[in-house]
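Next come the chains, spelled out residue by residue.
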Amino acid sequence: MKKITPRQIALSGIAAGLYVAVTVLTASFAYGNIQFRIADAMCLLVCIEPSLTVGLTLGCLIANLFSTVSALDMIIGTAGTLLGCLLTVHIKKTWLLPIPTILSNAILVGAMLSWVLMPASEFWTGFVVMGGEVALGEAAVLYALGVPLVIAMRRTGLLGRLLKEGK
């Protein structure tokens, strides 16, 4: 098992705080079936620094305490972020990085929203519609903001410099 450094812990704490702040500040369009959760753009950074998974998952959990949809969002929405981050770590092509986060949130959050907002007899219809809406919102954020963020971080090497033990 790889040792986690104090810098990785600190960076995860910063990521958690940023995730919460950005989500709460953009709450009017960060929750619900049509959502553009801008903070999810940071989820792609796990391809550079996998230890950020912990901070981003914690940030999502805290942000989901403010969810206007359901208390289930704390569990299901957070699980979507965790699963997306865990799978993104294994993606090599930059343009494919958003796919795990899009799919995990579309499936998990789409199902949760349908369960909460639709009558039982309309679950599958709600799941397809709401899951699709979540997927579109995630795709918009991750391709418009997340991929350029990863490209910029790779070009500048900023995460690597932050994690490097200096003198």
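Structure: see above.
Residues numbered from 1 in each chain as written. Predicted model: local features only at pLDDT ≥ 70, side-chain atom pairs only at ≥ 80, totals over all residues. Heavy atoms only, no water.

Draft legend 1. Broad picture of the packing of helix α4 (residues 98-117) against helix α5 (residues 123-156). Interhelical geometry of α4 versus α5 gives an angle of 145° and a closest axis separation of 7 Å. Once α4 is placed against α5, the crossing between them reads as right-handed. Looking at the contact of α4 with α5, its residues break down into 19 nonpolar, six polar and one charged. (Axes fitted to C-alpha atoms, helices over the stretch in contact; angles between N-to-C directions. Helix = DSSP H or I, 4+ residues; strand = E, 2+ residues; numbered from the N terminus. Left-handed = near helix turned anticlockwise from the far one by under 90°. Nonpolar A, V, L, I, M, F, W, Y, C, P; charged D, E, K, R; others polar.)

Draft legend 2. Broad picture of the packing of helix α3 (residues 72-88) against α4. Viewed as axis vectors pointing N to C, α3 and α4 meet at an angle of 165°, and their least axial separation amounts to 7 Å. Judged by the angle between their axes, α3 and α4 are roughly antiparallel. Crossing geometry of α3 relative to α4 is assigned as right-handed. For the pair α3 and α4, contact is made by L72, D73, I76, G77, A79, G80, T81, L83, G84, L87 and T88 and by P100, T101, S104, N105, L108, V109, M112, W115 and V116, respectively. Here the contact of α3 with α4 is built from residues that sort into eleven nonpolar, eight polar and one charged. (Parallel < 35°, antiparallel > 145°, perpendicular 65-115°, else oblique. Contact = heavy atoms within 4.5 Å.)

Draft legend 3. The arrangement of helix α2 (residues 52-63) in detail. The terminal C-alpha atoms of α2, which comprises twelve residues, lie 16 Å apart, in line with the 16 Å expected from a rise of 1.5 Å per residue. Listing the buried residues of α2 in full gives L52, T53, G55, L56, T57, G59, C60 and A63. Residues of α2 that are buried sit in contact with α1 (6-25), α3 and α6 (158-163). (Expected span 1.5 Å × (residues − 1). Buried < 20%, exposed > 50% of the residue type's maximum accessible area, 1.4 Å probe, protein only.)

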